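Architecture and fold: a report
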Amino acid sequence: MSGDRILLRGLRVLGRHGDLPHETELGQVFVVDLELAVDLARAGRADDLEQTVDYGALAGRVAELVAGRPRRLLEAVAEDVAALVLGDERVRQVRVRVTKPHAPLPVDAEVAVEVVRDRKATS
């Protein structure tokens, strides 16, 4: 991913994703990191929010999505988030990382999945 980017990191959301019954019943915190490839030149020159992606509004929409419908796999959550972000035509490419800090593992570790999607591949 090259060029101008908007980064949103450490978005913590309570969700009910997982394959085990207690994961969907109790829920847990998921952490979402986004990297958006967007041309920021016009917004920077004009100092105009309308010329860029409103990352505050985006964070709210992503949080609603992650807190919403339970998914079995982190991969599915990441795909849903990528599709939401690419719904804004100004975004050329997005990198989505979804981390599950308290995954039910036999060792002390966190798990994450990361997907990179671009407008050409989704058109």
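All of the points below concern the structure found in this document. (Residues numbered from 1 in each chain as written. Predicted model: local features only at pLDDT ≥ 70, side-chain atom pairs only at ≥ 80, totals over all residues. Heavy atoms only, no water.)

The subject of this paragraph is the nonpolar core. One finds L34, L36 and V96 to be the most contacted residues of the largest nonpolar core, which totals 27 residues. For this core, the leading source of residues is helix 4 (residues 74–86), giving seven residues. The residues touching L36, leaving out its near neighbours within four places in the chain, are D4, R5, I6, V53, L58, V85, V91, Q93 and V94. (Core = buried A, V, L, I, M, F, W, Y, C linked by side-chain atoms within 4.5 Å. Buried < 20%, exposed > 50% of the residue type's maximum accessible area, 1.4 Å probe, protein only. Helix = DSSP H or I, 4+ residues; strand = E, 2+ residues; numbered from the N terminus. Contact = heavy atoms within 4.5 Å.)

Direction vectors running N to C along helix 3 (residues 55–67) and helix 4 enclose 150 degrees, while the axes themselves pass 10 Å from each other. The handedness of the crossing between helix 3 and helix 4 comes out as right-handed. From helix 3, L58, R61, V62, L65 and V66 reach across to helix 4, where they touch V77, D80, V81, L84 and V85. Of the residues assigned to the contact of helix 3 with helix 4, the class counts are eight nonpolar, no polar and two charged. (Axes fitted to C-alpha atoms, helices over the stretch in contact; angles between N-to-C directions. Left-handed = near helix turned anticlockwise from the far one by under 90°. Nonpolar A, V, L, I, M, F, W, Y, C, P; charged D, E, K, R; others polar.)

Okay, helix 4 next. Here helix 4 spans 18 Å end to end across 13 residues, near enough to the 18 Å set by a 1.5 Å rise per residue. The complete set of buried residues in helix 4 reads L74, A76, V77, A78, V81, A82, V85 and L86. (Expected span 1.5 Å × (residues − 1).)

Turning our eyes to something else, we now look at the pattern of salt bridges. Throughout the structure, instances matching the rule amount to nine salt bridges. Among the salt bridges present, the one from K100 reaches E23, with a minimum N-O distance of 2.5 Å. Taken as a pair, K100 in strand 3 (residues 91–100) and E23 in helix 1 (residues 21–26) lie far apart in primary sequence, 77 residues in all. Taking the relative accessible area as the measure of exposure, E23 reaches 4% and is therefore buried. The salt bridge involving D88 is made with R90; its shortest N-O contact spans 2.7 Å. (Salt bridge = Lys/Arg side-chain N within 4 Å of Asp/Glu carboxyl O.)

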